[in-house]
Each structure stands twice: as structure tokens, then as C-alpha cells.
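# Inside the fold
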Amino acid sequence: MLNAVQSLSQWYRRKARPLPWRESQNPYPIWISEVMLQQTQVAAVIPYFHRFLERFPTLKTLAIAPLPDVLALWSGLGYYSRARNLQKGAQYLMAHHEGNFPRTREEIERVPGIGPYTAGAILSIAFDLPEAIVDGNVQRVFARYYGIQEEIESPAIQKLFWTEAKFWVAKAKSPRDLNQALMELGATVCTKSMPKCDLCPIQNSCTALAKGWQADLPRKRPRKKPVDLWWKTYVFEKGNALFLKQNGAGEWWEGLWDFPSVPSLTKEGWGQEPSFPNLPSRRLAAQEHTVTHHRIHVAPFHIDLKGKFPIKVEQGEWFLKEKAESLPLSSLARKILAAYLC
Ligand code: SF4
């Protein structure tokens, strides 16, 4: 195993992709990148990362920013609780640590939004401390390397992953390199499909390669079948303005702006035109959007509004069309706006 740790670390130093958050060892941009990279691909994160750091270059600027500004810069990345928690975390660090990141796992896990993975990432990548990390990439590499046949979501296997990750990082000369190497290997070589085992620095001791199990591992719990929802969504226009409503507490995409929607009870009802007498309507391209285990089918309609609303809408406002794009919109609203504008 020691050989595998060394080979992997050396490989990382030669092959690491030049990503913008790897240019410094400042914990603040490392933290931002790690949070953005949860649930989001590297290529999609890069422009968001640059824009975010340009607007909020320091922990303090993030802590004192108006929340709508933070959400607006997150708009399109999805999982907005990440942005809200980043700001709460920045405020906590300003209030309790004078704007510095603590260097122990115990203290850093008290920061709102920082869990075991992010804590390990900040401590090892920024400060080169021997703290473990386990993300999806690391799980895939370990499941194959050790030939784990059980479902990886099981608590026993999750515990095993953390034990192994701690063991590997404790053996490394540079925890910073080793942790990033494990994630990099999963992202670029030990990929979900068609792993490139001939390029892998730990191929000599990999169980999956020796047994030909690469395609079968990791084993995952079968996914829940998604629940289909059918929505009609309205882009109300009056003069040069569009109507948007802000999602309230407890709603999906809390605090973000959306076009008003009404659920349709059936797929058949969903496909029909809205029956608003005397209001010209235009059907826009249908959209599909996934939230947790829900798959939302959206039929958007552009309605040229004259007078009163044909449906009841709360917490809404009119915005000039030019302004709408810069609002903190939900990802779904952004898709609908693009369909309306094209
Ligand atoms: S040899 Fe293949 S399956 Fe094993 S860790 Fe490397 S890339 Fe993954």
C-alpha cells in the first residue's frame, strides 16, 4: 500500500490538471471551489468560480454581501443551500475566528455548511494536514482497488472508506498531494465507465483490474424511480416587463425568483393550452427539470397580459426584461427565460 501511495502522489505531481483553485493554497478559494464542485462538473464550475471570486475576493466581502447578490452569482449552479451556507460560514468565521480558518477538524466542522468532506479538503489542501477526504471519486477508486462487492452506501462500507482514506493520507509525505491525487484519479482515469487502467499509477495492486471487475464496481443501491410532476408555467408580459415571484420559506429554491406555475393533475391536462379568454398566448419549448427524486415536466406559456392576472400569484413583482437576467433566478426559471428570449 505504501508503494501505491507513493506512485499515486508522484503521478499527481506530473499529471494534475491546471485548475484555477490549484493556483494558491489560500483556504478561502479552496473552500469556494470545493463547495461548487459538489454535484457540479469541473468545466461548469470554472466560470462561476472566477465570477464569484471577482465579486467576493475575501471572506469578509462574502460575509457582508446582501444574500440576493450571493444567490445571483450562484444562479444556474443549482443546490442553492450551498450558497446560503457559504455565506453563513463566512459570517461565522468572521465572528468566531477573526476571518481565519481554524486548523483542527473539530473546530472547522463547527462552521455552518462545512461537513467531514469539506473539512478534510480544506485542512489537507490548504494546510497540508493529514486529514482524510472521501467523495464520490475516492469511493469509486477504493471500491475497485479493494474489490468491494457490497453496496457502497451501506454504513459499514462508508466507515471502511473513511478508515482507508485516513490510512492512506497518514502514509503520504504530502497529504495535500495524496488527497488531490485520489480525487484526480477518480475524475480522469478511474472513471465511471471505461476506466483507463493502462494509465493508472496503482494498477499493479488493483483488485478490480486483476479480477476483471472494473465494469461491475462500485455497486450502488438501486435508485428510487423518479416521481413525475406536470407544471404549466406562465411568462406574463406587460409592456417591457416580466412578472416573477419569489419562492418563500419551505418552497423549493427558497429566496430565488421564478415564473409562476400551476401544477396539472394529469399529463393530459398539462399538454393543453391555458384557457384565458382574450389573452394572446404562445407556447414556449417544453422543459424538464430534476429536483431530488422529482422530475418536473414544464409546459411554459408566454401570456401578453392586459389587466388582471388570470391566476392567483403571491409575492410577485414586475421586472424590466433587461433586469430579469441578472436576478437570482432558479435554474428552471433561467431555462424558461432562455426559451422565451430565443
Ligand atoms: S487499475 Fe483501473 S480499476 Fe483499478 S484503480 Fe486503476 S483505473 Fe481504477
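Residues numbered from 1 in each chain as written. Predicted model: local features only at pLDDT ≥ 70, side-chain atom pairs only at ≥ 80, totals over all residues. Heavy atoms only, no water.

## Remarks on empty space enclosed by the protein
A complete count under the given rule lists one cavity of 30 Å³ or more for this structure. Approximately 110 Å³ is the volume found for the largest cavity. Forming the walls of the largest cavity are 15 residues, and the residues nearest its centre are Arg-144, Cys-190, Cys-197, Cys-200 and Cys-206. Here the residues of the lining of the largest cavity sort into eleven nonpolar, two polar and two charged. (1 Å grid on protein atoms, 1.4 Å probe; cavity = no way out; pocket = protein on both sides within 12 Å on 5 of 7 lines; lining within 4 Å. Points joined across faces, edges and corners; volume = space filled by probe spheres on them. Nonpolar A, V, L, I, M, F, W, Y, C, P; charged D, E, K, R; others polar.)

## Section: the layout of surface pockets
Take a probe with the size of a water molecule and roll it over the atoms, and the empty space left behind shows itself. Approximately 1,500 Å³ is the volume attributed to the largest pocket. Along the walls of the largest pocket sit 48 residues, with Leu-37, Gln-39, Asp-135, Gly-136 and Asn-137 positioned nearest its centre. When residues of the lining of the largest pocket are traced back to their parent elements, those giving at least two are α2 (27-37), α3 (42-55), α8 (116-127), α9 (136-145) and α11 (175-188). In the lining of the largest pocket, the residues fall into 16 nonpolar, 15 polar and 17 charged. (Helix = DSSP H or I, 4+ residues; strand = E, 2+ residues; numbered from the N terminus.)

## A few points about α9
Most of α9 is tucked away, with nine of its ten residues classed as buried. Within α9, the full set of buried residues consists of Asn-137, Val-138, Gln-139, Arg-140, Val-141, Phe-142, Ala-143, Arg-144 and Tyr-145. Backbone nitrogen of Asn-137 and a side-chain oxygen of the N-cap are separated by 3.1 Å at the start of α9; the cap is Asp-135. Immediately downstream of α9, the backbone of Gly-147 shows phi near 65°, a positive value. (Buried < 20%, exposed > 50% of the residue type's maximum accessible area, 1.4 Å probe, protein only. Polar contact = N/O pair within 3.5 Å; in protein donor to acceptor, adjacent residues only side chain to side chain.)

## Notes on the pairing of strand β6 (residues 287-291)
Of the two faces of β6, the one lined by Gln-287, His-289 and Val-291 is fully buried and the one lined by Glu-288 and Thr-290 carries no buried residue. Sheet topology places β6 next to strand β7 (residues 294-304); five bridges connect them, and they run antiparallel. Note that in β7 the partner of Glu-288 across the bridge is His-297. What sits between the antiparallel neighbours β6 and β7 is a turn of two residues, in which Thr-292 has the positive phi angle 45°. (Pairing = 2+ DSSP bridges.)

## So, the packing of aromatic side chains
Counted by the stated rule, this structure contains 16 aromatic pairs. When the centroid spacing of 5.9 Å and the interplanar angle of 80° are considered together, the rings of Phe-52 and Trp-74 count as edge-to-face. Here Trp-74 lies in helix α5 (residues 67-74) and Phe-52 lies in helix α3, a separation of 22 residues in the sequence. Trp-74 gets classed as buried once you look at its relative accessible area, which sits at 0%. The interplanar angle of 80° and the centroid separation of 4.9 Å between the aromatic rings of Trp-257 and Phe-319 together place this pair among those described as edge-to-face. (Phe/Tyr/Trp six-rings, centres within 6.5 Å; stacked < 30°, edge-to-face > 60°.)

## Points about the site of the ligand
Surveying the vicinity of the ligand reveals the residues Arg-144, Val-189, Cys-190, Cys-197, Cys-200, Gln-203, Cys-206, Leu-209 and Gln-214. Taking a 2 Å distance to the grid points as the criterion, the majority of the atoms of the ligand fall inside the largest cavity. In the shell around the ligand, the residues fall into six nonpolar, two polar and one charged. (Near = heavy atom within 4 Å. Sits in = over half its atoms within 2 Å of the grid points.)

## Focus: unusual backbone geometry
Backbone torsion omega between Leu-217 and Pro-218 reads 0°, so that peptide bond is classified as cis. Backbone geometry places Gln-39, a non-glycine residue, at a positive phi of 70°. Inspection of the secondary structure puts Gln-39 in the loop between α2 and α3. Look at Trp-253: it is not a glycine, yet its phi comes out positive at around 55°.

## Let's talk about the side chain of Ser-33
Examined against the element boundaries, Ser-33 turns out to sit in helix α2. Since its relative accessible area comes to 0%, Ser-33 is described here as buried. For Ser-33, the residues in contact, after removing those within four places along its chain, are Trp-21 and Phe-49. (Contact = heavy atoms within 4.5 Å.)

## Thoughts on the pattern of salt bridges
Summed over all chains, the structure comprises eleven salt bridges. The closest approach of N and O atoms between Glu-184 and Arg-22, which form a salt bridge, is 2.7 Å. Of the two residues, Glu-184 is situated in helix α11 and Arg-22 in the loop between α1 (2-15) and α2; the sequence distance between them amounts to 162 residues. A residue is classified by how much of its surface remains accessible, and Glu-184, at 2% relative accessible area, is buried. For Arg-22, a relative accessible area of 25% corresponds to the partly exposed category. A salt bridge links Asp-69 to Arg-55; its shortest N-O distance comes to 2.9 Å. In this pair, Asp-69 sits in helix α5 while Arg-55 sits in helix α3, placing the two residues 14 residues apart along the sequence. Among the residues examined, Asp-69 registers a relative accessible area of 30% and is labelled partly exposed. (Salt bridge = Lys/Arg side-chain N within 4 Å of Asp/Glu carboxyl O.)

That is the geometry; function is a separate question.
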